[in-house]
Amino acid sequence: MKLDARIPSGPLAEKWDRHRFELKLVNPANKRRFRIAVVGTGLAGASAAASLAELGYDVDCFCIQDSPRRAHSIAAQGGINAAKNYQNDGDSIWRLFYDTVKGGDFRAREANVYRLAQVSVDIIDHCVAQGVPFAREYGGALDNRSFGGAQVSRTFYARGQTGQQLLLGAYSALMRMVDVGKVSLYPRHEMLDLVVVDGHARGLITRNLTTGEIRPWAADAVVLCTGGYGNVFYLSTNAKASNVTAAYRCYKRGAGFANPCFTQIHPTCIPQGGPYQSKLTLMSESLRNDGRVWVPRRASDSGRPAAEIAEADRYYYLEERYPSFGNLVPRDVASRAAKKVCDDGLGVGPEVLGQRNAVYLDFAASIERLGAGVIKERYGNLFDMYERITGESPYTAPMRIYPAVHYTMGGLWVDYNLMSTIPGLHVLGEANFSDHGANRLGASALMQGLADGYFVIPATIGQFLASQHRGPITTAHPAFAEVEAQCRAQTARLLGLRGKRPVDDLHRELGRIMWDHCGMARNAAGLAQAIGEIAALRERFWHEAAVPGSADELNPWLEHAGRVVDFLEFGELMCSDALVRDESCGGHFREDHQTPEGEAIRDDERFCHAAVWEYAGPSAAPVRHVEPLTFENVKLATRSYK
Amino acid sequence: MRVKLRIWRQSGPTDTKAGLRDYTVETDEHMSFLETLDVLNADLIRKGESPVAFDHDCREGICGACSLVIDGVPHGPRAATTTCQIHMREFRDQAVITVEPWRAKAFPVIKDLTVDRSAFDRIIAAGGYVSVRTGAAPDANAIPIGKRTAERAFDFAACIGCGACVAACPNASAMLFVGAKVAQLALLPQGQVERGSRATRMVAQMDAQGFGGCSNHGECEAVCPKSISLDAIAMLNVETMRAALERA
């Protein structure tokens, strides 16, 4: 596997401009001769499909939801970063770039991150022009707030529903292109596999989730925007249908998978309420701007109500340990700190599975300082959501929060043009690995999804089409029938299972293994154990699982079973990646590599690289390649938020 | 806690034997309503029976996928709350709870509790946007927008496209849904250029998809999980009239 990142030469600040000039263009009259398949309609997919169609390409756009507007970007709450410096507080493209590289613990490409920071300002302009109702100041200018891990206010927001408003903007642009006939939309369609001919991506196979029809699609380029794989943990903040299948199938067809072990555990989620829990709900970390995190100082107080614990007996552990960032330390730092105090017996709330796994996020001081009205204006919908789920009001009692799996920084490897190791297969948004390194900063996912879709892929896809494209192809090529037959065989095999256990049960079991051994804290012995347990579970799946219904109807259990089959293989890849990466960095915390205070210790000598895994067949171990990361503009340093 | 669920079962769009069937489920007051359905489905799968199909995804009240009529009310007993956020503490022990799909001509049933809401997408495609090409935008602060205006636009933009308004309306009207989008963009400076054509085209598409008109029942507002106000419908009426006058 050849990993050529195609990073343009020249000074960092000039790379993207120079690259855009050097990229090959497709003549406007020729664009309509190309048909591009966009898979997924979240921020990356909807913005890419709309922008490519605006340029003149014909687009086939697929999503698994019943409407493109329901993709999981819709659930992002907090905001979107942009280096506008509207607050005059010292922000700049360079600072956003620097914060993102540092926040990612020096495991992302400098050139990609700089481009992301550059493009961030255009995103805000475009979204406002679409009618996205961002928060405003009284004078009519856009409002900003500071957000986890940043000392400037560069986050644009729309109440606690920023993802919803940005996605509806991208969705409206997409539907406009549907209206003019440049995008053909296929909701309730799931990509089951990629069709590769002579090493190039030439199309895909989908299942129509309403009728069960499995069919091939030819494409001149495939743009994969299928999100992250957090549901490998079963419990996560991801939507129930979020899955790794499309990305994993591309991996099995030859696309390198980079840094699969880099997952983000979000510090502020509603704790698990019981063993039946089907998903976890995020509380935007913007809450940390006005909430103070604490637990009782003594374990003997952990069962008592918050109101009975005197101020002096409260341990504001983030403020004490990180005086300059306090409650706003990056997500990985905040999450590990919460785990540590709970493991030390200081957790609060009811015991679930033998431990109190929650800390307080307390708004009493802010309500006293600003008044309940201001807090309601800032976080009203979040407080309501919390109250609906827990039955408790954060206006009168502190919230209980605990970390949960939220985002996956790893993903399919892409070069600077967002193309994977399979020519013709481009990967955008959370599905790729490119910009967040080992840890993503708050309000950066929306930025990256839209940067990739609105501004990067429209410029870079022409390079592929004009220089590497192999000419027209139709689904009559035998490769399509071959892959389609494999998809049909998989469906038949799943429906033929004679076990008794619902697939959901087995998925939960996988999630438990992943959370225990490949979650917030990892160690070599645990990871090795997990690899064995996953292999055994995978074996049992085929004997124990029951998949009801038939192939030619709406069958959510068949869909889920197919996704779990891929998670059962993918979980092992994650653990292998975590095992080989014998250092701590960002969200990847190896217990064997920490300071006495519990801070992560990187090993830049051995691991300053992206690990890229190549599939080697069903009975061989995957091959690990590396893309070395060089830092010419930012000095490699130990992250410190003290 | 134990509840009896009377659930609409329908094997496909043309099933002539569709109807309500009773199931008993052991649940817990802290469980969500959908988790109770999960438990029921797991039981049915273990028994080799057909589980109940229903739409759901984010399970945090924002994607708009979940769509159950619970005891005759779209999204169930709690105001301003989607089905996925309903918890069993809303019900008594031993309660009998009837669960049905959205019912409207424009939302045909696909299976059990799952319906086809693609008509909403077709309405948005008929003008529910600002026609701005990527790259063509001026600086975001070039046009100031008053805080109150932005807030009002947001109130309408909060629509999640779930379709409860249609399910609740005796006329199966989609005017709250259409009005919310038309009002959002009519309030903002960016939406002015296409203001008239947007309202006209979206209403025409709404009619073509088989939705009814509004006769002021207000059921839509009452069940809307995002509390979209009936003002949306008033504004839609104003906007369509304004467009007609402009054309005249």
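Residues numbered from 1 in each chain as written. Chains lettered and ligands numbered in written order. Predicted model: local features only at pLDDT ≥ 70, side-chain atom pairs only at ≥ 80, totals over all residues. Heavy atoms only, no water.

Some points on the domain arrangement of chain B
Residue and element names in this part refer to chain B. On domain assignment, one finds that chain B holds domain 1 (2–111) and domain 2 (117–247). The distance between the C-alpha centroids of domain 1 and domain 2 comes to 29 Å. At the interface, 20 residues of domain 1 touch 20 residues of domain 2. Across the domain 1/domain 2 interface, buried area totals approximately 1,400 Å², and carbon plus sulfur atoms make up 65% of it. When the area that domain 1 buries against domain 2 is broken down by residue, the three leading residues are Pro 74, Ala 106 and Phe 107, summing to 35%. (Domains from an automatic or database assignment. Contact = heavy atoms within 4.5 Å. Buried area = accessible area lost by both parts, 1.4 Å probe.)

Overview of the packing of helix 14 (residues 503–518) of chain A against helix 15 (residues 524–544) of chain A
All names here are of chain A. The geometry of helix 14 relative to helix 15 is characterised by a closest axis approach of 9 Å and an angle of 175° between their N-to-C directions. Judged by the inter-axis angle, helix 14 sits roughly antiparallel to helix 15. Contacts between helix 14 and helix 15 pair Val 503, Leu 506, Glu 509, Leu 510, Ile 513, Met 514, His 517 and Cys 518 from the former with Gly 526, Leu 527, Gln 529, Ala 530, Glu 533, Ile 534, Leu 537, Arg 540, Phe 541 and Glu 544 from the latter. In terms of residue class, the contact of helix 14 with helix 15 is built from 11 nonpolar, 3 polar and 4 charged. (Axes fitted to C-alpha atoms, helices over the stretch in contact; angles between N-to-C directions. Helix = DSSP H or I, 4+ residues; strand = E, 2+ residues; numbered from the N terminus. Parallel < 35°, antiparallel > 145°, perpendicular 65-115°, else oblique. Nonpolar A, V, L, I, M, F, W, Y, C, P; charged D, E, K, R; others polar.)

Thoughts on the pairing of strand 2 (residues 58–62) of chain A
Residues and elements named next belong to chain A. With 5 of 5 residues buried, strand 2 lies mostly within the body of the structure. Taking every second residue as pointing to the same face, both faces of strand 2 are buried, with Asp 58, Asp 60 and Phe 62 on one and Val 59 and Cys 61 on the other. Here strand 1 (residues 35–39) runs beside strand 2; their pairing, made up of 5 bridges, is parallel. Across the sheet, Ile 36 pairs through a bridge with Val 59, a residue of strand 2. Following the chain from strand 1 across helix 3 (residues 43–55) to the adjacent parallel strand 2, one finds a crossover that is right-handed. For strand 2 and strand 5 (residues 183–186), the ladder comprises 4 bridges, and the chain directions are parallel. Counted as the bridge partner of Cys 61 is Leu 185 from strand 5. (Buried < 20%, exposed > 50% of the residue type's maximum accessible area, 1.4 Å probe, protein only. Pairing = 2+ DSSP bridges. Right-handed = clockwise from strand over helix to strand, strands pointing away.)

As for the sheet that holds strand 1 (residues 2–9) of chain B
Here we have 5 strands laid out as an open sheet, ordered 2-1-5-3-4 (chain B), and mixed in their pairing. Of all the strands in the sheet, the pair left with one neighbour each is strand 2 (19–26) and strand 4 (73–74) of chain B.

Points about the pattern of salt bridges
Where charged atoms of side chains with opposite charge meet at close range, the side chains can pair. Under the counting rule described, the total for this entry stands at 72 salt bridges over all chains. Between A:Arg292 and A:Glu319 there is a salt bridge; the shortest N-O distance is 2.7 Å. One end of the pair, A:Arg292, is in strand 12 (residues 292–296); the other, A:Glu319, is in helix 8 (residues 317–321), and 27 residues separate them in sequence. The exposure class of A:Arg292 is partly exposed, given its relative accessible area of 27%. Judged by its relative accessible area of 24%, A:Glu319 falls in the partly exposed class. Residues B:Lys147 and A:Glu377 are paired through a salt bridge, measuring 3.4 Å at the closest nitrogen-oxygen approach. Residue B:Lys147 is found in helix 3 (residues 147–157), and its partner A:Glu377 is found in helix 11 (residues 372–390); the two belong to separate chains. Of the residues examined, A:Glu377 reaches a relative accessible area of 48% and is grouped as partly exposed. (Salt bridge = Lys/Arg side-chain N within 4 Å of Asp/Glu carboxyl O.)

Regarding the side chain of A:Glu553
Mapped onto the elements of the fold, A:Glu553 is located in the loop between strand 19 (545–546) and helix 16 (556–580). A polar contact of 2.9 Å, which involves the side chain of A:Glu553, links it to the backbone nitrogen of A:Ser550. Ignoring anything within four residues of it in the chain, the contact list for A:Glu553 reads A:Arg207, A:Leu209, A:Thr210, A:Thr211, A:Gly212, B:Ser11 and B:Lys111. (Polar contact = N/O pair within 3.5 Å; in protein donor to acceptor, adjacent residues only side chain to side chain.)

Some details on the packing of helix 4 (residues 93–103) of chain A against helix 5 (residues 110–130) of chain A
Each pair of packed helices can be summarised by the angle the axes make with each other and by the distance between the axes. Residues and elements named next belong to chain A. It is at 8 Å that the axes of helix 4 and helix 5 come closest, and there the two elements cross at 135°. As judged from the angle between their axes, helix 4 and helix 5 are oblique. In this structure, the crossing between helix 4 and helix 5 has a hand that is right-handed. Contacts between helix 4 and helix 5 pair Ile 93, Trp 94, Leu 96, Phe 97, Thr 100 and Val 101 from the former with Glu 110, Val 113, Tyr 114, Ala 117, Gln 118 and Ser 120 from the latter. Grouping the amino acids of the contact of helix 4 with helix 5 by side-chain chemistry returns 8 nonpolar, 3 polar and 1 charged. (Left-handed = near helix turned anticlockwise from the far one by under 90°.)

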